[in-house]
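What follows is the residue order along each chain.
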Amino acid sequence: MMLILNALLLLLLEMGGNVLAFNTREPAKVCGAPGYDISNLTMADFWQLSTPGKCIHSQPTDNCTFFMAFCKQLHLPSAKNCTNASVCQENMSSEPPHIHKIGSYIDNPFTSLEANGFDAEFLHGETIVNNGIPCNVSVRVNFNCNKNINWHPMMPVKEDDPKPSYIPEPFNVTYDNTTCKYQVNLMFAGACHTIMPPTLNDTLSAGTILVLIFFSTILTYFFLGCLIKGCQGRRGKNVLPNSDFWIALPEYIADGCTFSLSCLCCNQRKDPSQYESI
(Lines give C-alpha, C1' and ligand atoms only; values in the text may rest on other atoms or scores of the structure.)
Protein backbone atom coordinates (compact mmCIF):
# COMPACT_ATOMS: atom_id res chain seq x y z
CA MET A 1 0.00 0.00 0.00
CA MET A 2 2.75 2.49 0.94
CA LEU A 3 4.74 1.60 -2.18
CA ILE A 4 1.72 2.39 -4.36
CA LEU A 5 1.13 5.73 -2.61
CA ASN A 6 4.81 6.69 -2.93
CA ALA A 7 4.78 5.85 -6.63
CA LEU A 8 1.64 7.93 -7.18
CA LEU A 9 3.10 10.85 -5.23
CA LEU A 10 6.28 10.78 -7.33
CA LEU A 11 4.19 10.71 -10.50
CA LEU A 12 2.10 13.69 -9.36
CA LEU A 13 5.21 15.65 -8.42
CA GLU A 14 6.71 14.96 -11.83
CA MET A 15 3.48 16.12 -13.50
CA GLY A 16 3.45 19.26 -11.34
CA GLY A 17 7.03 20.00 -12.36
CA ASN A 18 6.05 19.69 -16.00
CA VAL A 19 3.15 22.11 -15.46
CA LEU A 20 5.47 24.59 -13.79
CA ALA A 21 7.93 24.32 -16.64
CA PHE A 22 5.14 24.66 -19.17
CA ASN A 23 3.77 27.87 -17.60
CA THR A 24 7.14 29.57 -17.50
CA ARG A 25 7.01 29.97 -21.31
CA GLU A 26 6.59 33.41 -22.81
CA PRO A 27 2.90 34.37 -22.55
CA ALA A 28 0.86 34.73 -25.72
CA LYS A 29 0.35 38.24 -26.99
CA VAL A 30 -2.96 39.78 -26.01
CA CYS A 31 -4.62 42.62 -27.88
CA GLY A 32 -5.68 45.33 -25.47
CA ALA A 33 -4.82 48.48 -23.55
CA PRO A 34 -4.06 47.63 -19.90
CA GLY A 35 -6.58 49.30 -17.60
CA TYR A 36 -9.18 49.94 -20.31
CA ASP A 37 -12.16 48.13 -21.78
CA ILE A 38 -11.80 47.82 -25.58
CA SER A 39 -14.36 45.05 -26.06
CA ASN A 40 -16.68 47.33 -28.11
CA LEU A 41 -13.84 48.15 -30.51
CA THR A 42 -13.08 44.53 -31.31
CA MET A 43 -16.69 43.33 -31.67
CA ALA A 44 -17.26 45.18 -34.94
CA ASP A 45 -16.06 43.95 -38.34
CA PHE A 46 -14.63 47.39 -38.91
CA TRP A 47 -15.30 51.04 -38.06
CA GLN A 48 -15.65 53.97 -40.41
CA LEU A 49 -15.83 57.75 -40.34
CA SER A 50 -16.15 60.33 -43.10
CA THR A 51 -14.62 63.78 -43.23
CA PRO A 52 -14.00 66.18 -46.15
CA GLY A 53 -10.62 66.84 -47.74
CA LYS A 54 -8.48 64.48 -45.63
CA CYS A 55 -7.56 61.84 -48.21
CA ILE A 56 -4.12 61.63 -49.80
CA HIS A 57 -3.84 64.02 -52.78
CA SER A 58 -7.52 65.03 -52.36
CA GLN A 59 -9.31 68.31 -52.85
CA PRO A 60 -10.65 70.19 -49.79
CA THR A 61 -14.22 69.32 -50.71
CA ASP A 62 -13.62 65.62 -51.48
CA ASN A 63 -15.51 63.19 -49.28
CA CYS A 64 -12.93 60.99 -47.56
CA THR A 65 -13.89 57.83 -45.65
CA PHE A 66 -11.59 56.02 -43.21
CA PHE A 67 -11.96 52.32 -42.39
CA MET A 68 -10.38 50.86 -39.21
CA ALA A 69 -10.23 47.39 -37.68
CA PHE A 70 -8.80 46.67 -34.24
CA CYS A 71 -7.15 43.39 -33.20
CA LYS A 72 -8.00 41.91 -36.62
CA GLN A 73 -7.22 42.50 -40.26
CA LEU A 74 -9.42 44.93 -42.14
CA HIS A 75 -11.59 43.03 -44.61
CA LEU A 76 -13.07 45.10 -47.45
CA PRO A 77 -14.12 42.74 -50.24
CA SER A 78 -14.32 45.59 -52.80
CA ALA A 79 -10.83 46.95 -52.01
CA LYS A 80 -8.16 44.71 -53.53
CA ASN A 81 -5.28 47.00 -52.56
CA CYS A 82 -6.33 47.06 -48.89
CA THR A 83 -4.87 43.71 -47.82
CA ASN A 84 -2.97 42.92 -44.61
CA ALA A 85 -4.17 46.29 -43.35
CA SER A 86 -5.75 47.76 -40.24
CA VAL A 87 -6.55 51.22 -41.65
CA CYS A 88 -7.52 52.22 -45.20
CA GLN A 89 -9.07 55.33 -46.72
CA GLU A 90 -11.25 55.89 -49.77
CA ASN A 91 -11.80 59.10 -51.72
CA MET A 92 -15.49 58.80 -52.53
CA SER A 93 -15.43 61.91 -54.76
CA SER A 94 -12.94 60.56 -57.30
CA GLU A 95 -13.93 58.40 -60.26
CA PRO A 96 -13.20 55.60 -59.77
CA PRO A 97 -12.82 55.90 -55.97
CA HIS A 98 -9.18 55.87 -54.86
CA ILE A 99 -8.41 53.49 -51.99
CA HIS A 100 -5.15 53.78 -50.02
CA LYS A 101 -3.71 51.48 -47.39
CA ILE A 102 -2.50 53.87 -44.69
CA GLY A 103 -1.79 51.44 -41.81
CA SER A 104 -0.64 47.81 -41.90
CA TYR A 105 -2.11 45.14 -39.67
CA ILE A 106 -0.58 44.75 -36.20
CA ASP A 107 -1.72 42.24 -33.58
CA ASN A 108 -1.74 44.76 -30.71
CA PRO A 109 -1.49 48.44 -31.65
CA PHE A 110 -2.58 49.81 -28.25
CA THR A 111 -0.52 51.80 -25.74
CA SER A 112 -1.99 53.05 -22.43
CA LEU A 113 -1.37 56.68 -21.52
CA GLU A 114 -0.54 58.05 -18.07
CA ALA A 115 -3.73 60.09 -18.03
CA ASN A 116 -7.13 58.78 -19.11
CA GLY A 117 -6.92 57.44 -22.64
CA PHE A 118 -4.84 55.22 -24.91
CA ASP A 119 -3.33 55.25 -28.40
CA ALA A 120 -3.38 52.84 -31.34
CA GLU A 121 -0.54 53.23 -33.84
CA PHE A 122 -0.47 51.67 -37.30
CA LEU A 123 2.73 51.92 -39.32
CA HIS A 124 3.97 50.77 -42.74
CA GLY A 125 1.15 52.02 -44.91
CA GLU A 126 1.62 52.26 -48.64
CA THR A 127 4.48 54.31 -50.04
CA ILE A 128 3.52 57.60 -51.67
CA VAL A 129 5.63 60.29 -53.34
CA ASN A 130 5.53 63.57 -51.46
CA ASN A 131 7.35 66.50 -53.10
CA GLY A 132 9.48 64.04 -55.04
CA ILE A 133 10.41 62.08 -51.90
CA PRO A 134 8.87 58.66 -51.15
CA CYS A 135 7.44 58.11 -47.67
CA ASN A 136 5.31 55.52 -45.87
CA VAL A 137 1.91 56.61 -44.60
CA SER A 138 1.14 55.88 -40.93
CA VAL A 139 -1.73 56.51 -38.53
CA ARG A 140 -1.96 57.27 -34.82
CA VAL A 141 -5.43 57.01 -33.30
CA ASN A 142 -5.88 58.71 -29.94
CA PHE A 143 -8.80 57.57 -27.78
CA ASN A 144 -9.88 60.24 -25.28
CA CYS A 145 -12.05 59.61 -22.22
CA ASN A 146 -15.66 60.70 -22.54
CA LYS A 147 -18.14 58.64 -20.54
CA ASN A 148 -21.05 59.93 -22.63
CA ILE A 149 -19.69 58.66 -25.97
CA ASN A 150 -20.54 54.99 -26.41
CA TRP A 151 -19.53 53.07 -29.51
CA HIS A 152 -22.20 50.69 -30.81
CA PRO A 153 -20.77 47.87 -32.94
CA MET A 154 -22.85 46.25 -35.65
CA MET A 155 -22.82 42.54 -34.88
CA PRO A 156 -21.49 40.41 -37.77
CA VAL A 157 -24.16 38.55 -39.78
CA LYS A 158 -22.06 36.72 -42.37
CA GLU A 159 -18.34 36.12 -42.23
CA ASP A 160 -17.93 36.91 -45.94
CA ASP A 161 -20.12 40.04 -45.77
CA PRO A 162 -18.60 42.43 -43.19
CA LYS A 163 -20.76 45.29 -41.98
CA PRO A 164 -19.44 48.75 -41.05
CA SER A 165 -19.94 50.29 -37.64
CA TYR A 166 -19.87 54.06 -37.39
CA ILE A 167 -17.54 56.08 -35.20
CA PRO A 168 -19.59 58.63 -33.22
CA GLU A 169 -18.86 62.33 -33.33
CA PRO A 170 -17.01 64.42 -32.31
CA PHE A 171 -13.78 63.38 -34.03
CA ASN A 172 -10.88 65.17 -35.65
CA VAL A 173 -8.51 64.05 -38.41
CA THR A 174 -5.27 65.85 -39.28
CA TYR A 175 -2.58 64.98 -41.83
CA ASP A 176 1.07 66.03 -41.70
CA ASN A 177 2.15 66.37 -45.31
CA THR A 178 5.85 66.37 -44.41
CA THR A 179 5.83 63.10 -42.45
CA CYS A 180 2.86 61.41 -44.20
CA LYS A 181 1.34 60.77 -40.78
CA TYR A 182 -2.32 60.91 -39.84
CA GLN A 183 -3.51 61.87 -36.37
CA VAL A 184 -7.07 60.79 -35.52
CA ASN A 185 -8.60 62.04 -32.25
CA LEU A 186 -11.67 60.16 -31.02
CA MET A 187 -13.93 60.22 -27.95
CA PHE A 188 -14.67 56.87 -26.34
CA ALA A 189 -16.25 55.82 -23.01
CA GLY A 190 -13.90 52.81 -22.90
CA ALA A 191 -10.94 55.22 -22.76
CA CYS A 192 -11.82 56.04 -19.15
CA HIS A 193 -9.90 54.05 -16.55
CA THR A 194 -11.64 50.88 -15.42
CA ILE A 195 -10.99 48.78 -12.32
CA MET A 196 -11.59 45.62 -14.31
CA PRO A 197 -8.43 43.77 -15.34
CA PRO A 198 -7.81 43.86 -19.10
CA THR A 199 -6.91 40.16 -19.25
CA LEU A 200 -7.22 37.10 -17.12
CA ASN A 201 -4.19 35.14 -16.00
CA ASP A 202 -4.68 31.61 -17.32
CA THR A 203 -1.55 30.12 -15.73
CA LEU A 204 -1.42 28.15 -12.48
CA SER A 205 0.75 29.39 -9.63
CA ALA A 206 3.12 27.09 -7.77
CA GLY A 207 0.86 27.20 -4.69
CA THR A 208 -2.18 26.15 -6.73
CA ILE A 209 -0.26 23.23 -8.20
CA LEU A 210 0.88 22.06 -4.75
CA VAL A 211 -2.72 22.23 -3.45
CA LEU A 212 -3.88 20.17 -6.43
CA ILE A 213 -1.15 17.61 -5.80
CA PHE A 214 -2.07 17.40 -2.10
CA PHE A 215 -5.78 16.82 -2.68
CA SER A 216 -5.09 14.42 -5.54
CA THR A 217 -2.86 12.39 -3.23
CA ILE A 218 -5.53 12.34 -0.48
CA LEU A 219 -8.24 11.21 -2.92
CA THR A 220 -5.96 8.52 -4.33
CA TYR A 221 -5.14 7.33 -0.79
CA PHE A 222 -8.82 6.97 0.16
CA PHE A 223 -9.82 5.40 -3.17
CA LEU A 224 -7.13 2.74 -3.15
CA GLY A 225 -7.50 2.16 0.59
CA CYS A 226 -11.27 1.63 0.35
CA LEU A 227 -10.78 -0.62 -2.69
CA ILE A 228 -8.29 -2.84 -0.88
CA LYS A 229 -10.37 -2.94 2.33
CA GLY A 230 -13.48 -3.77 0.32
CA CYS A 231 -11.68 -6.64 -1.41
CA GLN A 232 -10.73 -7.91 2.06
CA GLY A 233 -14.42 -8.11 2.99
CA ARG A 234 -14.59 -5.00 5.18
CA ARG A 235 -17.91 -3.12 5.25
CA GLY A 236 -19.32 0.11 6.66
CA LYS A 237 -16.91 2.44 8.41
CA ASN A 238 -14.28 -0.28 8.51
CA VAL A 239 -13.79 0.07 4.76
CA LEU A 240 -11.81 3.30 5.38
CA PRO A 241 -8.04 2.90 5.53
CA ASN A 242 -6.85 3.47 9.13
CA SER A 243 -10.52 3.84 10.06
CA ASP A 244 -9.87 4.15 13.82
CA PHE A 245 -7.73 7.24 13.26
CA TRP A 246 -10.14 8.98 10.85
CA ILE A 247 -13.18 8.28 13.07
CA ALA A 248 -11.40 9.70 16.12
CA LEU A 249 -9.93 12.68 14.20
CA PRO A 250 -12.84 15.09 14.95
CA GLU A 251 -12.49 14.37 18.66
CA TYR A 252 -8.74 15.03 18.49
CA ILE A 253 -9.39 18.35 16.71
CA ALA A 254 -11.99 19.36 19.31
CA ASP A 255 -9.61 18.53 22.17
CA GLY A 256 -6.84 20.52 20.47
CA CYS A 257 -9.09 23.55 20.04
CA THR A 258 -10.24 23.35 23.68
CA PHE A 259 -6.66 23.17 24.88
CA SER A 260 -5.59 26.10 22.68
CA LEU A 261 -8.47 28.25 23.91
CA SER A 262 -7.63 27.45 27.51
CA CYS A 263 -4.05 28.59 26.91
CA LEU A 264 -5.22 31.82 25.26
CA CYS A 265 -7.53 32.52 28.16
CA CYS A 266 -4.60 32.06 30.59
CA ASN A 267 -6.22 29.05 32.25
CA GLN A 268 -4.05 26.44 33.82
CA ARG A 269 -3.09 23.58 31.58
CA LYS A 270 -4.83 20.35 32.29
CA ASP A 271 -2.96 17.51 33.77
CA PRO A 272 -1.68 15.38 30.85
CA SER A 273 -3.15 12.37 32.63
CA GLN A 274 -6.63 13.78 31.85
CA TYR A 275 -6.11 13.20 28.10
CA GLU A 276 -6.52 9.86 26.46
CA SER A 277 -3.47 8.57 24.69
CA ILE A 278 -3.56 8.68 20.89
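See the structure shown above.
Residues numbered from 1 in each chain as written. Predicted model: local features only at pLDDT ≥ 70, side-chain atom pairs only at ≥ 80, totals over all residues. Heavy atoms only, no water.

Colleague: Any chance you could explain the pattern of salt bridges here in plain terms?
Modeller: Proximity of charged atoms lets side chains of opposite charge pair with each other. Summed over all chains, the structure comprises three salt bridges. For the salt bridge of R140 with D119, the shortest nitrogen-to-oxygen distance reads 3.0 Å. You can see R140 sitting in strand β9 (residues 138–145) and its partner D119 sitting in strand β6 (residues 118–122), a full 21 residues away along the chain. Residue class for R140 comes out partly exposed when judged on its relative accessible area of 23%. (Salt bridge = Lys/Arg side-chain N within 4 Å of Asp/Glu carboxyl O. Helix = DSSP H or I, 4+ residues; strand = E, 2+ residues; numbered from the N terminus. Buried < 20%, exposed > 50% of the residue type's maximum accessible area, 1.4 Å probe, protein only.)

Colleague: Before we go on, may I ask you to explain a nonpolar patch on the surface in this structure?
Modeller: Residues V211, F214 and F215 make up a contiguous nonpolar surface patch of roughly 310 Å² in combined accessible area. Residue V211 is classed as partly exposed on the basis of its relative accessible area of 43%. (Patch = residues over 30% accessible without salt bridge, like charges linked within 9 Å, V, L, I, M, F, W, Y side chains within 5 Å. Areas by Shrake-Rupley, 256 points an atom, 1.4 Å probe, with all protein chains shown as cover.)

Colleague: Sorry, what's going on with the packing of aromatic side chains here?
Modeller: To describe a pair of aromatic rings, one takes the distance between the centres and the angle between the planes. The final tally for this structure, using the stated rule, is 20 aromatic pairs. Aromatic side chains F46 and F67 sit 5.9 Å apart centroid to centroid with 70° between the ring planes, which places their arrangement in the edge-to-face category. Taken together, the positions of F46 in strand β1 (residues 46–52) and F67 in strand β2 (residues 63–68) put the pair 21 residues apart, joining distant regions of the chain. This pair shows no difference in class: F46 is buried, exactly as F67 is. Ring centres 6.4 Å apart and planes at 55° place the aromatic pair F110 and F143 in the tilted group. With F110 in strand β5 (residues 110–112) and F143 in strand β9, this residue pair connects regions lying 33 residues apart in the sequence. Here the two residues F110 and F143 agree in accessibility, since each one is buried. Each member of the aromatic cluster is reached from another via a ring pair, and the members are Y36, W47, F70, F110, F118, F122, F143, W151 and F188. (Phe/Tyr/Trp six-rings, centres within 6.5 Å; stacked < 30°, edge-to-face > 60°.)

Colleague: Explain the sheet that holds strand β10 (residues 164–166) to me, please; I cannot follow it from the model alone.
Modeller: The strands making up a sheet are joined through hydrogen bonds of the backbone, oriented either antiparallel or parallel. Within the open sheet, the five strands sit side by side as β4-β3-β2-β1-β10. Their pairing is mixed. Each of the sheet's edge strands pairs with one partner strand only, and the pair in question is β4 (98–104) and β10. Taken pair by pair, the neighbouring strands of this sheet meet at an average axis angle of 30°, ignoring direction. As defined by bridge partners, β1 adjoins β10 across three bridges and the pair is classed as parallel. In the sheet register, Q48 faces β10, and the bridge partner there is Y166. (Pairing = 2+ DSSP bridges. Axes fitted to C-alpha atoms, helices over the stretch in contact; angles between N-to-C directions.)

Colleague: Sorry, what's going on with the state of the cysteines here?
Modeller: Two cysteines whose sulfur atoms are joined by a covalent bond form what is called a disulfide. All chains considered together, the criterion is met by five disulfides. The disulfide that involves C82 links it to C88, with 1.8 Å between the sulfurs. Its torsion about the S-S bond being 100°, the disulfide of C82 and C88 is classed as right-handed. Exposure class is identical for C82 and C88. Each is buried. (Disulfide = S-S within 2.5 Å.)

Colleague: Sorry, what's going on with the sheet that holds β5 here?
Modeller: Strands sit in the order β5-β6-β9-β12-β11 across an open sheet of five strands; the sheet is mixed. Edge strands, defined here as strands with exactly one partner in the open sheet, are β5 and β11 (171–176). Direction aside, neighbouring strands of the sheet carry axes that sit 20° apart on average. With five bridges joining them, β6 and β9 adopt antiparallel strand pairing.

Colleague: Honestly, unusual backbone geometry in this entry has me stumped. Any pointers?
Modeller: Note: most residues except glycine have negative phi, and most peptide bonds are trans. A cis geometry characterises the amide bond from E95 onward to P96, with omega recorded as 0°. In this structure, P96 sits in the loop between β3 (85–91) and β4. In the segment running from E169 into P170, the intervening peptide bond is cis, with an omega of 5°. Looking at the element boundaries, P170 is found in the loop between β10 and β11. Phi angles above zero are rare outside glycine, and H124 is one such case at about 60°. Note that H124 resides in the loop between β6 and β7 (127–130).

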